[in-house]
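Below are the chains, spelled out letter by letter.
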Amino acid sequence: MSKREAFLEAACREKVEDFLRFIALHKNKAEPFDVKEVVEEMPREQREALWGRLESLLREILLELPPDRWEEEAMQQEAAPDPKHVRAVVDGVALVAAVSLKVLQDGNSYSALLDIGHRLHDVLVSLPESEASLQLHLQELFEAWWKMGLLGREKFGRTAFLISLQKSFILKKPGAEIQRLWSLHNVLTVLDYTSEDNKQIIDLLLQCFHRPSHIRSDDGKRFLVFLFSWNVDFIRVIHGSIKNQLEFYPRTMTTHIAEIYFRAWKKASGDFLETIESSCIQDFMQNAIFLLRTSPVHCKVRQIVSYFHSRKGCHRVDKMLYNLYRPILWKSLSVPNFEVRANATLLFTEAFPVHDPDLSNTNVERDITKQLETAMGLLDDPHPTVRSNATLGVCKILAKCWELLPPAVITDLLKKLVVELAADSSSSDVRCAVFKSLTIVLDNPLSHPLLEKLLPTLKYSLHDTSERVRTAFLDLLIKVKAVRAAKFWDVCSMDHLLARLAIDSHSASKRIVGLLFKSFFPVNEPEREWCCRCIILIQMNPMAARKFYQFAHEHTAATNIIKLMLAIRRSLNSCIQVNHDLTDINDSNKENSTLEGPVLPEMAVVSSLLEVVVILWRSVEKALKQNQEAHKYTVTKFGNVMAKYFQAFEDQRSTVPLIQLASFMPPTAVPTFSRGVLSRLRRMDPEAPPAQFSQLLDCICSWGQEADILELVSDWLGKSTPKQGDKAAKSRAVRIQEPVEAKPDLALAYLEYLFSHSFTREKVLALDGGRLKQLLTLLGNWKAVLYDHLRSSTEDPNGPEVETALKAFEYHGRLSAHLQHNSTEGRDYLLSLERVAEWVGDKVLPFLAKRRSDEDGGCERSEKSQQLARRITEGFLTVCRDVVLVGLGDETFKSQILYLCSLILISEAGYMCIPAVLALLKEVANSSVPDDDIQDQESHEDSSTVILGGVANIFQKIIELLASRLRKEPEEGQLLCQSAVPGLSDFLQVVQTWDAALLSGVYSTVFAVLIVEKRHLLQKLTQTEEVFIPQSVDEMPPLSSVLLSVILKSPSVTRSFLAEVSSSLASGDLSSLTELAAVLHVLAVIKQTGKCIGGTKSAAVSVQKHLEKHAVSALGSNEVQRVIYESSVKTLNELLHL
């Protein structure tokens, strides 16, 4: 029996195993059996018989187990048919059907094959997602069926298209599926767009325009372009869908979208073309004109329209732009709204010339002349935004169409820009736009001769008051230099550039250095020339020279910087007659040959050269440390002459850079100087300014000798305290060689510098804990000095000064914070601060009370002690605020500090510390709000709630104290309220993050004070003329005025306050006429600001419900009450009609 006959016999239910064996042989590449060859060799009758037998086999096998039961049966036991067996049969039949399609010829009958296709189609539709391989084979079968145009192609093609469309969204790499989708795109031509059956496909097609994989791939673009030609109505749907998502497209995606629109327009004709132009392209044009520039969609719309502009030059594109712009563009250039004019200006100048290509040349020239006149008119627009856009547009026109425009027009336009708009005093944006836009014109070489004559008139723009304008002007000079349009020093002289370099900002200075770098650092010239140029630059402008070399390392290699340093060294050596160094490394001849540099008689130039060396060394310090050989060589070279430099250059200006230079080297490189630094610090005048010792401290720390300076500081502080002085001196008598008087003020100045600069602070804090703990103890001992000053009746002329003790007390807190930050575990230093808080509460706060004394001068001493107690308390609160601010304070610390705040406020004169308490409360409140990412959220929220509750209570006490001081001492109370305004503003802004209950507690306090104060004032009125409605915060009572001014600073705070007003009214707490009138007075003041209109009206509605109850009682009351009621009703009506 032949293969054909055997295969034909196997195609039945009884011999299905033989059939599956043949399919397996076909799939095995090592076997010679090929189904395609067998089917091709079969006669037509035999082939039709094969299809009939396969159709029967497929029908029977699917009756036993339909596809929708494959997953269910897989979970069951032996009696059920095996789903794998059924799948294998279906896959085999699909394989034979696919092969049969390839050998099918015109005129052949394929009714049985069509029946197989229908059955396989039913399988494909109900196939579970897990059968990806079988789905692919069936999908390929129906794709081939569609392409051959056989019967049933519409049904099979639609299913293949839908599955491909769905898979293109699911697959991680959908490239192949998108390619198949494009190959099936003609399926859409047989689908009815209006049919409900195709709604799923339409929704999926719209999603294609939101998928980057479809938008970016070539086949995807072809497919999306084709969709514009499916149905005219679908074009509008596509456009609407894209507009809705345009805000979320990245810039690159928007470019692809613009390309799709353009290609769709290019291929369209008839109604499709008209719809794309009117509903899509012209709609984008209108949106580009009428959308606000702040709209997130505006820039995307402009990008799409610009894509069409970039395709100008083609007859069809020019005609389309002319037709679509004609009804909207020219009107928009003259409308009252400046943003519309500005947007239209950008489109007009970008699309220039907007002309009809079908007109004669004469008419085209006439239209272009009119458009140039329009552009000139836009440069005179009253609004600066329009002028700025017109400037940019005109420069683009000049760059693009220079050779096509009349010379007179070019000259007029450039003169307008350079002479008038570059000096537009009304807008820095316009001036900036001129310089930014002229760089575009410079891209056209034909513009260079004319600009070379015009640009020098702009030289004073270098000194413009706006930094943006100056940087834009410098960018223009850099462009001039790059394109060689002119010599930049002819546009702006070197003296002006250097003067600006000396004083200008970082960004402007960088540009000037880039402009001048080759002039003063000619890397292609010998190193001796570099040094000569450096001296010339110093002589021209020393400050500019320092600035120039700060940025020099950004324009050349570190090697060249080091070479310049060594070249300057040789020039400096010539000043002190050093002809050679005995320690030169292997290049003494070369060194000697180049020593003859310029003689520098002026010490000012020498000092500047030393400063330049320091600047250069600092700029390449990191590179030097990475190259040990270069570092060693450089240090050796400078170390050999440093001693002579110190001898020869003794003036103050030279000494400072020499000390800085020494700090870059190890102490062994400058032995003479390094041995005397500590002695100089020890002998320093106690009142010396930081400039005299800061460089020496840097040296000490860079040499790793910070322990010595810390010991000196500790020694001075220890000797100055009354009780620890003798003991401390004895313990360190071995190290301190020479007897020097204690200088506690200078010791604290040293500490201030060491801890205020990151480099020195890191060095000091890296010391062992014992030294730092000893310093902390010594600083803590100064509390005793402060306490002595508090309780003493006379000043001890030999004792430490109070200012010194206050500084030591402050540094004790600061050092505790630094040590806690560096501590890896425990809270020892926070505990130290908590003990200080106890000391303040026990020893200092009693002195805040005003004491009376019968002794002479007793009152004066009491006042002095009170002020000192206030300063101690405020200083400690400031330290605690900083500790909480940087995140070092834990819950225990915050609780202790809040307890101290409560003690301060209940003391007799505690109100004096209210500003400091408010600043601390703000930081505690800000740091106690629970974060979402904290693991133990529940316990943290509980502790935070306790702390925030304490903060709210203290805030309430502060408000009560302010009200009390205003009653007892109005003038003092006013000053106190004004000093508390910044703290109140910051605190109310921070509490916005609290939960509703705590937030309500804070604002209920504020609201209650406002109402009570205003109610009290209304109750005191005796004359009807005294009743008036306040129009501003200044017309409110003192505390209300302050609180309202704070509330109205922030819209969010105002909204929260109004919410509390509505809540209080809803609770029924306010019911009397005077209370309701007080509420309306507050709302009237808020109304005048124009803020939170919705919240104000909502509160007014709540007042209305209560005020109506007083309508009858007010008529029978006294005259004042009646007038209050009438004025309240009038105010309420005004509020309700906002």
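Residues numbered from 1 in each chain as written. Predicted model: local features only at pLDDT ≥ 70, side-chain atom pairs only at ≥ 80, totals over all residues. Heavy atoms only, no water.

**Quick look at the overall build of the protein**
Regarding its fold elements, the protein presents 59 helices and 0 strands. Here the C-alpha atoms of the protein give a radius of gyration of 44 Å, more than 25% beyond the 32 Å that 2.2 N^0.38 yields for 1138 residues. The dimensions of the protein, computed from C-alpha atoms along their principal axes, are 135 × 110 × 85 Å. By residue count, 51% of the 1138 residues in the protein fall in the buried class. Partitioning the contacts of the protein with sequence separation of at least 6, the portion at a separation of at least 24 is 72%. Within the protein, the 143 negative side-chain charges are centred at a point lying 4 Å from the centre of the 130 positive side-chain charges. (Helix = DSSP H or I, 4+ residues; strand = E, 2+ residues; numbered from the N terminus. Rg over C-alpha atoms; globule rule 2.2 N^0.38 Å. Buried < 20%, exposed > 50% of the residue type's maximum accessible area, 1.4 Å probe, protein only. Contact = heavy atoms within 4.5 Å. Lys, Arg positive; Asp, Glu negative; His and termini not counted. Charge placed at Lys NZ, Arg CZ, Asp CG, Glu CD.)

**Topic: the pattern of salt bridges**
If you walk through the whole model with that rule in mind, you get 49 salt bridges. We note a salt bridge from lysine 479 to aspartate 443, for which the minimum N-O separation is 2.7 Å. Of this pair, lysine 479 sits in helix α26 (residues 467-483) while aspartate 443 sits in the loop between α24 (428-441) and α25 (448-454), placing them 36 residues apart in sequence. The partly exposed category is assigned to lysine 479, whose relative accessible area is 23%. We note a salt bridge from glutamate 752 to arginine 814, for which the minimum N-O separation is 2.9 Å. Placement of glutamate 752 in helix α42 (residues 744-756) and of arginine 814 in helix α46 (residues 802-822) is noted, with a sequence separation of 62 residues between them. (Salt bridge = Lys/Arg side-chain N within 4 Å of Asp/Glu carboxyl O.)

**Re the nonpolar core**
Membership of the largest hydrophobic core comes to 385 residues, with the highest contact counts inside it found for Leu438, Tyr549, Tyr750 and Trp994. Broken down by element, the residue count for this core peaks at 12 residues, all from helix α51 (residues 937-968). (Core = buried A, V, L, I, M, F, W, Y, C linked by side-chain atoms within 4.5 Å.)

**A few points about a negative patch on the surface**
A contiguous patch of negative charge, built from Asp685, Glu687, Asp745 and Glu801, is present on the exposed surface. Within the fold, glutamate 687 resides in the loop between α38 (671-682) and α39 (690-702). Residue classification places glutamate 687 among the exposed residues on the basis of a relative accessible area of 74%. (Patch = residues over 30% accessible without salt bridge, like charges linked within 9 Å, V, L, I, M, F, W, Y side chains within 5 Å. Areas by Shrake-Rupley, 256 points an atom, 1.4 Å probe, with all protein chains shown as cover.)

**Description of the packing of helix α17 (residues 298-309) against helix α20 (residues 338-351)**
Taken N-terminus to C-terminus, the directions of α17 and α20 make an angle of 20°; their axes are 10 Å apart at the nearest point. When the axes of α17 and α20 are compared, the pair comes out roughly parallel. The crossing of α17 and α20 is right-handed. Counting all contacts with α17, which are made through His298, Arg302, Val305, Ser306 and His309, the residues of α20 involved are Asn343, Leu346, Leu347, Glu350 and Ala351. Considered class by class, the residues forming the contact of α17 with α20 number 4 nonpolar, 4 polar and 2 charged. (Axes fitted to C-alpha atoms, helices over the stretch in contact; angles between N-to-C directions. Parallel < 35°, antiparallel > 145°, perpendicular 65-115°, else oblique. Left-handed = near helix turned anticlockwise from the far one by under 90°. Nonpolar A, V, L, I, M, F, W, Y, C, P; charged D, E, K, R; others polar.)

**Here's the deal with the environment of arginine 569**
Structurally, the position occupied by arginine 569 is in helix α32 (residues 558-575). In sequence terms arginine 569 and serine 654 are 85 residues apart; their C-alpha atoms lie 14 Å from each other.

**Concerning the packing of aromatic side chains**
This structure, assessed with the given rule, holds 34 aromatic pairs. On the numbers, 6.2 Å between centres and 40° between planes, the contact of phenylalanine 809 with phenylalanine 876 is tilted. Of this pair, phenylalanine 809 sits in helix α46 while phenylalanine 876 sits in helix α48 (residues 858-885), and the two are 67 residues apart along the sequence. Taken individually, phenylalanine 809 and phenylalanine 876 each receive the classification buried, so the pair is uniform in this respect. Each residue in the set Phe517, Phe520, Phe521, Trp530, Phe548 and Tyr549 is aromatic and connected to the rest through ring pairs, giving one cluster. Between arginine 316 and the ring centre of tryptophan 265, over which it is positioned, the NZ or CZ distance is 4.3 Å. In this structure, lysine 843 packs its charged tip against the face of tyrosine 787, placed 5.5 Å from the ring centre. (Phe/Tyr/Trp six-rings, centres within 6.5 Å; stacked < 30°, edge-to-face > 60°. Lys NZ or Arg CZ within 6 Å of the ring centre and 35° of its normal.)

**As for the state of the cysteines**
Applying the stated criterion to the full structure yields 0 disulfides. Cysteine cysteine 575 remains unbridged, with the sulfur of cysteine 531 as its closest cysteine sulfur at 9.3 Å. (Disulfide = S-S within 2.5 Å.)

**Let's talk about the confidence of the model for the protein**
Averaged over every residue, the pLDDT of the protein is 85; residues scoring 70 or more account for 91%. Under a pLDDT of 50 for its full length, residues 578-601 has, in the predicted model, 37 contacts with residues more than four places off or in other chains. (pLDDT = per-residue confidence, 0-100.)

**Here's the deal with helix α37 (residues 652-663)**
Residues that lie three or four places apart on an α-helix share one face, since the helix turns once every 3.6 residues. For α37, which comprises 12 residues, the first-to-last C-alpha distance of 17 Å matches the rise-based estimate of 16 Å (1.5 Å per residue) to within 8%. Judged by how many residues are buried, α37 sits mostly within the fold: 9 of 12 residues are covered. All of the buried residues along α37 are Ser654, Thr655, Pro657, Leu658, Ile659, Gln660, Leu661, Ala662 and Ser663. Taken together, the buried residues of α37 touch α34 (603-619), α36 (628-648), α38 and α39. (Expected span 1.5 Å × (residues − 1).)

**What to know about the environment of arginine 870**
Mapped onto the fold, arginine 870 is located in helix α48. Sequence separation of arginine 870 and alanine 88 is 782 residues, and the distance between their C-alpha atoms is 93 Å. Residue contacts for arginine 870: discarding those within four places in its chain leaves Leu848, Met912 and Cys913. A polar contact of 3.0 Å, which involves the side chain of arginine 870, links it to the side chain of glutamine 867. (Polar contact = N/O pair within 3.5 Å; in protein donor to acceptor, adjacent residues only side chain to side chain.)

**Points about the side chain of lysine 300**
Its location among the elements puts lysine 300 in helix α17. Buried within the structure, lysine 300 lacks any salt-bridge partner; its nearest side chain of opposite charge belongs to glutamate 247, at an N-O separation of 7.8 Å. From its side chain, lysine 300 meets the backbone oxygen of glutamate 247 in a polar contact 3.2 Å long. Residues within four places of lysine 300 in sequence aside, it is in contact with Leu246, Glu247, Tyr249 and Thr254.

**Overview of α36**
For α36, with 21 residues, the first-to-last C-alpha span of 30 Å sits near the 30 Å given by 1.5 Å per residue. The largest bend along α36 measures about 40° and falls at methionine 642. Considered for burial, the residues of α36 that qualify are His631, Thr634, Val635, Lys637, Phe638, Gly639, Val641, Met642, Tyr645 and Phe646. (Bend = angle between axes of the 7 residues up to and from the residue.)

**Concerning the packing of α32 against α34**
One way to put it is that α32 packs onto α34 with a least axis distance of 10 Å and a crossing angle of 155°. Taken together, the axes of α32 and α34 are roughly antiparallel relative to one another. Helix-helix and strand crossings are classified by hand; for α32 and α34 the assignment is left-handed. Residues Ile561, Leu564, Met565, Ile568, Leu572 and Cys575 of α32 form the contact with α34, whose participating residues are Val606, Leu609, Leu610, Val612, Val613, Leu616, Trp617 and Ser619. Counted by class, the contact of α32 with α34 contains 13 nonpolar, 1 polar and no charged residues.

**Comments concerning unusual backbone geometry**
Between phenylalanine 352 and proline 353 the backbone carries a cis peptide bond, its omega angle lying at -5°. In this structure, arginine 484 is a non-glycine residue whose phi angle is positive, near 55°.

**Some words on the environment of valine 187**
Relative to the elements of secondary structure, valine 187 occurs in the loop between α10 (175-183) and α11 (199-208). Note: C-alpha distance between valine 187 and asparagine 953 (766 residues apart in sequence) is 74 Å.

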